[in-house]
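# Structural overview for review
Here's the letter readout for the chains.
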Amino acid sequence: MTSFSILFLVLLALATGIRLWLSWRHVRHMQAHRNRVPEPFASQIELTAHQKAADYSSAKTRLNAAGIAADALLLLVLTFGGLFAGLDEVMRGWFGEGLVAGVAFIAAVMVVSSLVELPFDLYRVFGVEARFGFNKMTLGMFIADLVKHAVVGAAMGLPLVLAVLWLMGQAGSLWWLWVWAVWSAFSVGVLAIYPTFIAPLFNKFSPMEENDLKRRIEALLAKCGFTSQGLFVMDGSRRSAHGNAYFTGFGKAKRIVFFDTLLSRLAPGEIEAVLAHELGHFKMNHVVRRTALTFALSFAFLWILGQLRDAAWFFDGLGLSAPVTDAVALVVFFMVVPVFTFPLRPLMAMYSRKHEFEADAYAARNASAAELAQALVK
């Protein structure tokens, strides 16, 4: 075992341990305070609802903690357990040396990861969500969604993987720069086609009916200078009792989407305030900033991978015999790098919270602050 091996194992243990400790601390705090509604909300929230919220959040946190432990174990099995090497050997035995074997290897790793996640997804939907009255999905619908996700992921992801592996082998020492350009263009393309072609595969989107609410929303959009392809209502109630609203796409393809559950639960002024919050993200360039940050981080990570591509100490330290194929190098790097970037998580969370508070402030300026608060309580 090398020095890098020890460093990786120590950081993995620390990251996993800290996340599990935070989960335990979170659950302990919620359970310690479940029998008393916080004073500012005592007149608005009944004790039974408060207790249900605490128990629901505790159940989700416990399930998430189990997933954290499973992910860490899977990473160890893939690296030091030899599963990466075994899958690579099998795929090269089936398809020979070349791009097809590389694509098959990456697909196999994704299948293994999905199979590990499947029990947690099933328990989340039919255990936690069902127990607290939120789940509306049937097993048939769950399986259909699973198949759709797999087909869409394969149709869009496999050509991208093929292009990336080809560039890694043919584009010389600056392959990582070309890969970054292709990935960035792909990401922008997905944002453009998602509202029109991908989202309708999973939900039904209907134009919002002409009524006072729509006119009120259109007035808010005009006030905020926001143009979109239209206002749509999504049949979120088919899968869950949770409510939400969002806008998606960019340019002329932007559209605003309301869950039908949200419209049935909130008053018109509260819906307007929730939408004003979402518009705040757009008007304050949060979407552009987050996209730019994502592109910048991917640029940095691909540059690092470009430097590590032929570093035997990196792959040997993870239980792999260097040199490794391009496909193995790509997957190993992006599954291992979160262990080393774990200290950045609090900064990213703080950045996200800052944007949420800014969007709240924007909503309070352009809609009713009181109705926004009431909507959040509901």
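Here, every reference points to the structure presented above.
The structure presented is a predicted model; accordingly, all values stated were derived computationally and were not measured.

### Focus: the pattern of salt bridges
- Under the criterion given, the structure shown has 14 salt bridges.
- The shortest N-O distance in the salt bridge between Glu97 and Arg92 comes to 3.4 Å.
- Glu97 gets classed as exposed once you look at its relative accessible area, which sits at 62%.
- A salt bridge links Asp212 to Arg215; the nearest nitrogen and oxygen atoms lie 2.5 Å apart. Here the residue Asp212 and the residue Arg215 both occupy positions in helix H7 (residues 212-224), the gap between them amounting to three residues, near one helical turn.
- On the basis of relative accessible area, Asp212 is assigned to the exposed category, the value being 57%.
- Residue classification places Arg215 among the partly exposed residues on the basis of a relative accessible area of 46%.
- Salt bridges here are not isolated pairs; linked through shared partners, they connect Asp88, Arg92 and Glu97.

### With respect to the sheet that holds strand S2 (residues 231-234)
- Here we have four strands laid out as an open sheet, ordered S1-S2-S4-S3, and mixed in their pairing. Of all the strands in the sheet, just strand S1 (205-207) and strand S3 (245-248) have a single pairing partner and so form its edges. Sheet twist, expressed as the mean angle between neighbouring strand axes with direction ignored, is 30°.
- The pairing of S1 with S2 spans three bridges and is classified as antiparallel. Along S2, the bridge assignment pairs Pro207 with Phe232.
- On the sheet, H7 packs against S2 and strand S4 (255-259) and is oriented at approximately 130° with respect to S2.
- Packed onto the sheet, helix H9 (residues 268-283) meets S3 and S4 and runs at close to 35° relative to S3.

### Describing the packing of H7 against helix H13 (residues 345-366)
- Running from amino to carboxyl end, H7 crosses H13 at an angle of 110°, the nearest separation of the two axes being 12 Å. Here H7 is positioned roughly perpendicular relative to H13, judged by the angle of their axes. Seen from H7, the contacting residues are Leu220, Lys223 and Cys224; seen from H13, they are Tyr362, Arg365 and Asn366.
- A class-by-class count of the residues in the contact of H7 with H13 yields three nonpolar, one polar and two charged.

### With respect to the packing of helix H2 (residues 47-78) against helix H4 (residues 99-131)
- Packing of H2 against H4 leaves a shortest axis separation of 11 Å and a crossing angle of 170°. Taken together, the axes of H2 and H4 are roughly antiparallel relative to one another. Taking contact as the criterion, the partners of Tyr56, Ala59, Lys60, Leu63, Ala66, Gly67, Ala70 and Leu74 in H2 are, on H4, Val112, Ser113, Val116, Phe120, Tyr123, Arg124, Val128, Glu129 and Arg131.

### Structural notes on the side chain of Glu272
- Counting through the fold element by element, Glu272 comes out in helix H9.
- Its relative accessible area of 13% is what places Glu272 among the buried residues.
- The residues contacting Glu272, other than those within four sequence positions of it, are Arg216, Leu220 and Ala367.

### As for the packing of aromatic side chains
- Here the structure, examined in full by the defined rule, presents 21 aromatic pairs.
- With a centroid separation of 4.8 Å and 55° between ring planes, the pair formed by Tyr56 and Phe134 is classed as tilted. With Tyr56 in helix H2 and Phe134 in the loop between H4 and helix H5 (139-170), this pair connects stretches of sequence that are 78 residues apart.
- Its relative accessible area of 18% is what places Phe134 among the buried residues.
- On the numbers, 5.3 Å between centres and 75° between planes, the contact of Trp176 with Phe299 is edge-to-face. Of this pair, Trp176 sits in helix H6 (residues 175-198) while Phe299 sits in helix H10 (residues 286-308), placing them 123 residues apart in sequence.
- Here the aromatic cluster, defined as three or more aromatic residues joined through ring pairs, consists of Phe4, Phe8, Phe80, Trp313, Phe314, Phe315, Phe333, Phe334 and Phe340.

### Side note on unusual backbone geometry
- At Asn285, a position not held by glycine, the phi torsion is positive, near 60°.
- With respect to the helices and strands, the residue Asn285 is situated in the loop between H9 and H10.

### So, a nonpolar patch on the surface
- On the surface, Met1, Ile6, Val10, Leu14, Ile18, Trp21, Leu22, Trp24 and Phe80 cluster together into a nonpolar patch covering about 910 Å² of accessible area.
- Along the chain, Leu14 falls in helix H1 (residues 3-32).

### Details of the nonpolar core
- Ranked by internal contacts, the top residues of the largest apolar core, which has 44 residues, are Phe84, Phe105, Ile106, Leu165, Phe314 and Val332.
- The greatest single-element share of this core, amounting to 10 residues, is contributed by helix H12 (residues 326-340).
- When near neighbours in sequence (up to four residues on either side) are disregarded, Ile106 contacts Val161, Leu165, Ala327, Leu330 and Val331.

### With respect to H9
- Taking 1.5 Å as the rise per residue, H9 with 16 residues should run 22 Å; its terminal C-alpha atoms sit 22 Å apart, in good agreement.
- Where burial is concerned, most of H9 is hidden: 13 out of the 16 residues are buried.
- Of the residues flanking the end of H9, it is Asn285, one or two places downstream, whose phi is positive at about 60°.

### A look at the layout of surface pockets
- As a volume, the largest pocket reaches approximately 1900 Å³.
- Around the largest pocket sit 47 residues that line it, and Met110, Ser114, Glu117, His149 and Gly153 are the ones nearest its centre.
- Every element with two or more residues in the lining of the largest pocket is listed here: H4, H5, H6, H10 and H12.
- Counting residues per element, the lining of the largest pocket draws most heavily on H4, which supplies 14 residues.
- Considered class by class, the residues forming the lining of the largest pocket number 29 nonpolar, 12 polar and six charged.
- Space inside the second largest pocket adds up to approximately 1100 Å³.
- Arg265, Ala375, Leu376, Val377 and Lys378 are the residues nearest the centre of the second largest pocket, which is lined by 33 residues in total.

The rules behind these values
For every chain, the first residue of the written sequence is number 1, and numbering continues from 1 onward in sequence order. The predicted origin of the model limits local features to residues at a pLDDT of at least 70 and limits the giving and counting of side-chain atom pairs to 80 or more, whereas totals for whole chains, interfaces and linings rest on all residues. No hydrogens and no water enter the side-chain calculation; it runs on all heavy atoms of the structure. Any carboxyl oxygen of Asp or Glu within 4 Å of a side-chain nitrogen of Lys or Arg constitutes a salt bridge here. Per-residue accessibility, obtained with a 1.4 Å probe over protein chains only, is compared with the maximum for each type, and a residue is labelled buried under 20%, exposed over 50%, and partly exposed between these values. Numbered from the N terminus, helices here are DSSP runs of H or I no shorter than four residues, and strands are runs of E no shorter than two. In this scheme, strands are said to pair when DSSP sees at least two bridges between them. Simply put, an axis is a line fit to the C-alpha atoms, just over the touching stretch for a helix, and the angle between two N-to-C directions goes from 0 to 180 degrees. In what follows, residue pairs with any heavy atoms lying within 4.5 Å of each other are defined as contacts. Here the word oblique covers every angle except those under 35 degrees (roughly parallel), over 145 (roughly antiparallel) and from 65 to 115 (roughly perpendicular). Three categories are distinguished: nonpolar for Ala, Val, Leu, Ile, Met, Phe, Trp, Tyr, Cys and Pro, charged for Asp, Glu, Lys and Arg, and polar for the others, with Gly belonging to the last. Within 6.5 Å between ring centres, the rings of Phe, Tyr and Trp (the latter by its six-membered ring) count as paired, and their orientation is classed by plane angle as stacked under 30 degrees, edge-to-face over 60, tilted in between. A residue counts toward a patch only above 30% relative accessible area and without a salt bridge, and it is joined to like-charged neighbours within 9 Å or, for Val, Leu, Ile, Met, Phe, Trp and Tyr, to nonpolar neighbours within 5 Å. Areas reported as accessible are Shrake-Rupley estimates using a 1.4 Å probe. Residue values count occlusion only from the protein chains shown. We define a nonpolar core as any set of buried Ala, Val, Leu, Ile, Met, Phe, Trp, Tyr and Cys residues linked to one another through side-chain atoms lying within 4.5 Å. Expected span of a helix: the number of residues minus one, times 1.5 Å. Think of a 1 Å grid over just the protein atoms. A cavity is a set of points where a 1.4 Å probe fits yet cannot get out, a pocket is an open set with protein on both sides within 12 Å along at least five of seven lines, and lining residues have an atom within 4 Å of a point. Grid points are joined across faces, edges and corners, and a volume is the space filled by probe spheres set on the points.

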